Amino acid sequence: MEEIGSNQFLFVAVLVFLMMIIIPVLQKRTGKDLTQMLFGIKSRKAFEGRESIKATKEPRVRNGTKSELTSFVAQLLRFTSKNGMRLVAPGTISHNGKTARLTALVVAPGGIIGIYCLGFGGTISPGDPKAPAGKASPWRQHINGEDKTFDNPIKACEEQKELIQAAMEQAGIHTQLTVLTVFTNAQAMLQATPAFVYNPKNLLQYLKDEPSLKSGSLDIHGTAQTLAKLAGIKKDEPEKKHGKSRK
């Protein structure tokens, strides 16, 4: 029993001696301490992988809601009433069997602005600017890790402008018409945005600053009434006068 114990002790002593020589050499070559070499290499890589995935994970984003659109229209109504303009909403004017998809029409002394609203969220990128005329490429939406496409809004605005312009001419309204795209979702991030594409804040600034809208002699009240009729908007009944009726 004593001989076996001595042999075991000698073996352990030799092993410790070798480790004292080998470990410093390995540390110098790898740049890692003893804990990393014995236990940490695999777990460290797994940790770094989890951290990398966590860092690249995108926050959840949603598309717009009806309440956001309603809030935007209310904002437009307040703005137009304070700035000598009129608002017609919705701008669903029909002509020759087709109906425009505009959210609203702003009537100003110098012309009419049609507003085409979209509620897409996430990163919005325009279509290919080099696409042949008449073949406008779809726009791209990146949301919650997915890539989607939707109809080119600039082309949609051009088509609706032609429809509304024809209906206006037939109704005796002869003035400048411009149709703009507005992304109403606060979670929409527009990249390389072309002209005539806005968010709500920039649109209001455009309506406020654009000089061509202020100079003009368009009858905004009469024009708004005609446009409302074309859009199928029923005029509210006049408020009844308060007071006692005469006998």
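Everything below is about the structure printed above this text.
Residues numbered from 1 in each chain as written. Predicted model: local features only at pLDDT ≥ 70, side-chain atom pairs only at ≥ 80, totals over all residues. Heavy atoms only, no water.

Before going further, it helps to spend a moment on the overall build of the chain. A tally of regular secondary structure across the chain gives 7 helices and 11 strands. Looking at the 247 residues of the chain, the share that counts as buried comes to 31%. Sequence separation of at least 24 residues holds for 59% of the intrachain contacts in the chain that already meet a minimum separation of 6. Of the roughly 17300 Å² of accessible surface on the chain, a fraction of 57% belongs to carbon and sulfur atoms. (Helix = DSSP H or I, 4+ residues; strand = E, 2+ residues; numbered from the N terminus. Buried < 20%, exposed > 50% of the residue type's maximum accessible area, 1.4 Å probe, protein only. Contact = heavy atoms within 4.5 Å. Areas by Shrake-Rupley, 256 points an atom, 1.4 Å probe, with all protein chains shown as cover.)

Turning to helix α7 (residues 220–230), a few remarks are in order. Of all the residues in α7, the buried ones are Ile220, Thr223, Ala224, Leu227 and Ala228. For α7, the buried positions fall inside an angular range of 135° around the axis, keeping them on one side. Along its buried surface, α7 packs onto β1 (86–88), β4 (104–108), β5 (111–118) and α4 (153–170). In the segment just after α7, glycine 232 is the residue with positive phi, at about 75°. (Arc of directions from axis to C-beta.)

Looking at where threonine 178 falls in the secondary structure, it is placed in strand β9 (residues 177–183). Each residue touching threonine 178, except ones within four places of it in the same chain, is listed here: Ile112, Ile113, Gly114 and Phe196.

This part is about the pairing of β5. For a regular strand, side chains alternate in direction, first toward one face of the sheet and then toward the other. By the criterion of burial, β5 is predominantly enclosed, with 8 of the 8 residues buried. Burial of the side chains of β5 extends over both faces: Gly111, Ile113, Ile115 and Cys117 are buried on one face and Ile112, Gly114, Tyr116 and Leu118 on the other. Bridge count for β4 against β5 is 5 bridges, and the pairing is antiparallel. Bridge pairing in β5 places valine 107 opposite isoleucine 112. Once β4 ends, the chain turns through 2 residues before running back antiparallel as β5. Of the pairings in the sheet, the one linking β5 to β9 comprises 7 bridges and is parallel in character. For glycine 114, the partnering residue across the bridge sits in β9 and is valine 179. (Pairing = 2+ DSSP bridges.)

The full count for this structure, using the stated rule, is 1 salt bridge. For arginine 62, the salt bridge identified is with glutamate 68, shortest N-O distance 2.8 Å. Note on glutamate 68: relative accessible area 19%, which makes it buried. (Salt bridge = Lys/Arg side-chain N within 4 Å of Asp/Glu carboxyl O.)

Turning our eyes to something else, we now look at the packing of helix α3 (residues 66–82) against helix α5 (residues 200–209). Between α3 and α5, the shortest axis-to-axis distance is 12 Å and the interhelical angle comes to 20°. Considering their axes alone, α3 and α5 lie roughly parallel with respect to each other. In the packing of α3 onto α5, the handedness of the crossing is right-handed. Together, Phe72, Gln75, Leu76 and Phe79 of α3 and Pro200, Leu203, Leu204, Leu207 and Lys208 of α5 make up the contact between the two elements. Looking at the contact of α3 with α5, its residues break down into 7 nonpolar, 1 polar and 1 charged. (Axes fitted to C-alpha atoms, helices over the stretch in contact; angles between N-to-C directions. Parallel < 35°, antiparallel > 145°, perpendicular 65-115°, else oblique. Left-handed = near helix turned anticlockwise from the far one by under 90°. Nonpolar A, V, L, I, M, F, W, Y, C, P; charged D, E, K, R; others polar.)

Just distances and angles here, no functional claims.
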